[in-house]
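Structural characterization, general
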Amino acid sequence: MSKKPQTVTGVATTGAVSRVELTWTPLPWEPLIDHYRVYALPTTGRHAKPDETHLVGKTVYPRFVHHGLDPAGEAFRYVIVAVSDAGRRGRPSSAVVGESQASVTATGRELARIGEFDGKSLELRFSPAEYGQIPKAYPTAVIDYVQGVDTPGEAWPYLLPGPGDAWAGRKTYRTRWTVPLDAAPQRDVDLALWFVDTTRLGGRLDVAVNGQDVRSVELAKGATRGSREGDATLPGSTLVRSGHEFALPAGALTAGENVVEFTLAEGGWVAWDALGLYERRS
Amino acid sequence: MSSPSPTLSRRRLLGLSGASAAVLALGVNAPDVASADPLPHRENLFGLGVASGYPREDGAVLWTRLAPEPLAEDGHGGMPLRSAPVKWEVSETRDFRRIVKRGTALAQPELAHSVHPRVEGLKAATDYFYRFSVGPQKSPVGRFRTLPAAGAATERFTVGMISCQAWYHGHFAAHRHLAQEEDLDLTIFLGDYIYEYGITAANLWRQGAEVTPAHAVEIETLEQYRLRYALTKSDPHLQALHARAAAVAIWDDHEVQNDYVGAASSTGIPAELFAHRIAVAYRAFYENLPVDIDALPQGPESDILAGLEVGSLARITLMDTRQFRDAPPVDEADRVREDRTMLGAAQERWVTERLRTSQSRWNVLAGGVVLAPITDDRTDQWDGYPAARRRLLAEMRRAGNAVMLTGDIHKHVAAELRGEAAGLPAGPAGVELVTTSAASDGDGAKTDKYTPDWVQHDYVRHYDGRRGYLHLRFTPEQLTSSFWIVPWVESDDTAPKELSARFTTPAGTSRLIED
């Protein structure tokens, strides 16, 4: 019988909106590691030992992303256990606390939103796999959506294609999101953009508000699977979720109609989870 | 521990740590453990069948994997996490009254309770039967035929070709028919023995089949790869095919991940992470196929190259067209770069050497992807490596009577390989025989949207988009290639076989003459 796997060391956490990324030092090739088991324990009860009720995932990689955390922010004590090819388990690693960041979707007052921030694109048009319909439905590569008039299932395609997408004609697609407001916001406004996946090309998404450029978002390299799968919350999903939340310039939004434009200037498509505008509460 | 089998490569053993070397050796030969603690009685220990592989003139590798509950979700097949001795015996007769060799190997949890003994000392060009036993339980009986002696005149050698076994897309009617072929000396699995995709209602076209949620996600861990092999190998027709004749196997991409290239994932997983997935995927390949010990990976590196000498009739060279290839081209200038490689420098030298030194009538190469020029955008095939193709075709032409065997595309294709189509001086360079998928893509149709890309070339002599297998008959005078199809695979496993086309390639011609 081969020896037990070594104890995992070097566990580090990085918090982001609704998720915590964990990394650790990979173990040697001998014995071969079947997988690492990732346990998330409450931060209270510091001496509690991990059991299978705390298991949040298994991974072959020395990296794991704990998704789907409370948008208001959530913390856990993480413990990693290695399992060898022979089914033997190593000792649990030292516990390391990781905390997700609070999202404006939880802390702010919603002004407008398209879709649900739930790790799924399923409520959006053509999801989960009819991407071939998008260039037919939008031959000019422009997508218009009016808040309060249109609905996500009928007017917001789940993908925004980019110039890297041969199937969509290698065009630079643009969306114009019209947001009517009764009054100008009194406080800072944040824009939340969540994606269930992006392509292996990554890319750049330019954001403009009422004709003013406000941000170029660098798109993470994703799994290129969100064009065919719409639910990143399934256990073992290979979709690579990403999110971007940032403040708009003061005064960017005004009373009346506002137009928020997204232009996929470089790279491949983004698969939307949801997007929204949120006014800070204080 | 007793001395390992003399067939173990000293190079491999010396390169491994002590624990790994011991595990490796005992999985092949463990004469001193026959009296070890017996296993608690379990029914159906041989639920994944038996297999033999990599025949030589004096023997072959025997394989089984103990799995009383093949679909146990921890990947250990329902076995306790302890070792168990497995006895094997080889007989000249099916009733085992003339046993000529016997031995013991140790089924260990490190290798998912697989064993890979290599039996040696047998007579050349002879049929043998084998079986395993654990306590009173005996396995099904398998058979293999040793290769003819080196240089011996050989009247005929028959080969079956199988590729692309997406279990969830259909029943294995093709395997059933191939297992029943009157003549079958060797089965070559041309790649995509398993598929890594999650199995859901959207792609489970194999009617009557059900899977648990454990199968619904893309596989990444060793337990998941082991489980996927178990699911695939639980098919009785695949088991029957393995029991029918010795097999060899090369991989394509789905044994790890769709379209991965060398160390690079196709979905953006960083190479330093993806190496861990390659390591467990290659390990599971070793555990589940009757391969020689050199195919046991060390970390994320493995050696599945192998050569078979079929008397004076054929030299068969099994290539790895996935692990050592250059990245997909970034543009046309990159695609046509002279130094682009499909095989990597070391493998290319090895293949060249085998072609240049061959004294066999037929020079057979087996690879995972199509060699013939089809369209420049098929960059996962040799179309993405045109300079490397020119080099290989030049060597095939020089060797003469060259035959390339491939799969991957889920279509039957027969092509005459011509120098002028690949940037070489005009003239024949060999033939390529592409076997369709056994199940991938479901029922299919004779022609489909891809047909025009292929049949636009006059050197593509046949195309059929249905499921099936290829049967080859080599003689000193000619090669006969029979492209068999089954009209359906999704509804059940009862489809009859139908001949899609049969070609004769007279020795010395590099032509495909349809019967």
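How each quantity is defined
Residues numbered from 1 in each chain as written. Chains lettered and ligands numbered in written order. Predicted model: local features only at pLDDT ≥ 70, side-chain atom pairs only at ≥ 80, totals over all residues. Helix = DSSP H or I, 4+ residues; strand = E, 2+ residues; numbered from the N terminus. Rg over C-alpha atoms; globule rule 2.2 N^0.38 Å. Buried ≥ 20, exposed ≤ 12 C-beta atoms within 10 Å, placed from the backbone. UniProt positions renumbered as here; feature names shortened; annotations may be inferred. Pairing = 2+ DSSP bridges. Axes fitted to C-alpha atoms, helices over the stretch in contact; angles between N-to-C directions. Expected span 1.5 Å × (residues − 1). Contact = placed C-beta atoms within 7 Å. Domains from an automatic or database assignment. Nonpolar A, V, L, I, M, F, W, Y, C, P; charged D, E, K, R; others polar. Core = buried A, V, L, I, M, F, W, Y, C linked by C-beta atoms within 7 Å.

As annotated in an unreviewed UniProt entry, chain B is Alkaline phosphatase from Micrococcus lylae.

Looking at an unreviewed UniProt entry, one finds chain A named Rhamnogalacturonan lyase domain-containing protein and attributed to Micrococcus lylae.

When helices and strands are counted, chain B shows ten helices and 23 strands. For chain B, whose C-alpha radius of gyration is 22 Å, the value lies close to the compact-globule estimate of 24 Å for 515 residues. Judged by the C-alpha coordinates and their principal axes, chain B covers about 65 × 50 × 45 Å. The buried share among the 515 residues of chain B stands at 56%.

Next up on the list: the UniProt feature "domain: Phospholipase D N-terminal" (unreviewed entry) in chain B. Per the UniProt record, the feature "domain: Phospholipase D N-terminal" (unreviewed entry) sits at residues 48-146 of chain B. With 0% helix and 49% strand, residues 48-146 of chain B has end C-alpha atoms that lie 23 Å from one another.

On a regular strand, one side chain projects to one face of the sheet and the next to the other, so that they alternate. Residues and elements named next belong to chain B. Taking burial as the measure, the five residues of strand 13 (residues 306-310) include four buried ones, the bulk of the element. Both strand 13 and strand 14 (residues 314-318) contribute to a ladder of five bridges, which runs antiparallel. Counted as the bridge partner of alanine 306 is leucine 318 from strand 14. The antiparallel hairpin formed by strand 13 and strand 14 contains three residues in its connecting segment, where glycine 311 sits at a positive phi of about 50°.

Strands belonging to one sheet form pairs held by backbone hydrogen bonds; the direction of such a pair is parallel or antiparallel. Residue and element names in this part refer to chain A. The antiparallel open sheet is built from three strands, whose spatial order is 1-2-5. Each having just a single partner strand, strand 1 (12-16) and strand 5 (63-66) make up the two edges of the open sheet. With direction set aside, neighbouring strand axes in the sheet form an average angle of 15°. Bridge count between strand 2 (residues 19-23) and strand 5: four bridges; the pairing is antiparallel. Looking at the pairing, glutamate 21 lines up with valine 65 of strand 5.

Residues and elements named next belong to chain B. Inspection of the sheet shows strand 20 (residues 460-474) paired to strand 21 (residues 478-486) by eight bridges, in the antiparallel sense. What sits directly across from glycine 468, in strand 21, is isoleucine 485. Taking the residues that link successive antiparallel strands as the turn, the strand 20-strand 21 hairpin has three residues. In the sheet, strand 21 pairs with strand 22 (residues 498-506) via eight bridges, with the strands oriented antiparallel. Among the inter-strand pairings, glutamine 478 is bridged to a residue of strand 22, identified as proline 506.

Here we take up helix 4 (residues 222-233) of chain B. Relative to the 16 Å expected for twelve residues at 1.5 Å per residue, helix 4 of chain B spans 16 Å between its end C-alpha atoms, a close match to the ideal helical length. Within the span of helix 4 of chain B, buried status applies to B:Leu222, B:Glu223, B:Gln224, B:Tyr225, B:Arg226, B:Leu227, B:Arg228, B:Tyr229, B:Ala230, B:Thr232 and B:Lys233. On its buried face, helix 4 of chain B sits against strand 3 (33-41) of chain A together with helix 5 (236-244) and helix 6 (271-288) of chain B.

Before going further, it helps to examine the domain arrangement of chain B. All names here are of chain B. Each assigned domain of chain B is listed here: domain 1 (1-146) and domain 2 (147-514). The C-alpha-based centres of domain 1 and domain 2 are spaced at 27 Å. Counting residues at the interface gives 42 residues for domain 1, matched by 35 residues for domain 2. For the side of domain 1 that touches domain 2, the secondary structure elements donating two or more residues are strand 1 (50-56), strand 2 (59-65) and strand 9 (142-145). Top contributing element to the side of domain 1 that touches domain 2 by residue count: strand 1, with seven residues.

Another aspect to go through is helix 9 (residues 386-399) of chain B. Residue and element names in this part refer to chain B. With 14 residues, helix 9 should reach 20 Å at 1.5 Å per residue; the first-to-last C-alpha distance of 20 Å fits that figure. Of all the positions in helix 9, only Ala388, Arg389, Leu392, Leu393, Glu395, Met396, Arg397 and Ala399 are classed as buried. Where helix 9 is buried, its residues contact helix 8 (345-357), strand 15 (362-366), strand 16 (402-406), strand 17 (412-418) and strand 18 (428-434). One or two positions beyond helix 9, positive phi appears at glycine 400, with a value near 80°.

Attention shifts here to the environment of A:Thr59. Residue and element names in this part refer to chain A. Along the polypeptide, threonine 59 turns up in strand 4 (residues 55-59). With 20 C-beta atoms counted inside 10 Å, the residue threonine 59 sits in the buried group. Sequence-wise, threonine 59 and valine 270 are 211 residues apart; in three dimensions their C-alpha atoms are separated by 25 Å. If sequence neighbours within four positions are ignored, threonine 59 has contacts with His35, Tyr36, Val38 and Phe64.

Right, let's get into the interface of chain B and chain A. Facing 25 residues of chain B, the contacting portion of chain A comprises 29 residues. Elements supplying a minimum of two residues to the side of chain B that touches chain A: helix 2 (18-26), helix 4 and helix 6 of chain B. A per-element tally of the side of chain B that touches chain A places helix 6 of chain B first, with six residues. Residue composition of the side of chain B that touches chain A, grouped by class: nine nonpolar, nine polar and seven charged.

Our focus in this paragraph is the UniProt feature "domain: Rhamnogalacturonan lyase" (unreviewed entry) in chain A. Under the feature "domain: Rhamnogalacturonan lyase" (unreviewed entry), the UniProt entry names residues 113-276 of chain A. In this annotation, residues 113-276 of chain A is assigned 5% helix and 41% strand; the end-to-end C-alpha distance for the span is 4 Å.

Attention now goes to the nonpolar core. Formed by 178 residues in total, the largest nonpolar core has its most connected members in B:Val86, B:Ile188, B:Leu318, B:Ala366, B:Val403 and B:Leu405. Sort the elements by how many residues they give to this core and helix 6 of chain B lands first, with nine residues. Residues in contact with B:Val403, not counting those within four places in the same chain, are B:Trp362, B:Asn363, B:Val364, B:Gly430, B:Val431, B:Leu433 and B:Leu479. Formed by 44 residues, the second largest nonpolar core is a distinct cluster that contains A:Ala168, A:Trp177, A:Val179 and A:Ala232.

Here we come to the environment of B:Trp88. One can find B:Trp88 in strand 3 (residues 84-91). When near neighbours in sequence (up to four residues on either side) are disregarded, B:Trp88 contacts B:Leu62, B:Arg102, B:Gly103, B:Ala105, B:Pro117, B:Tyr130 and B:Phe132.

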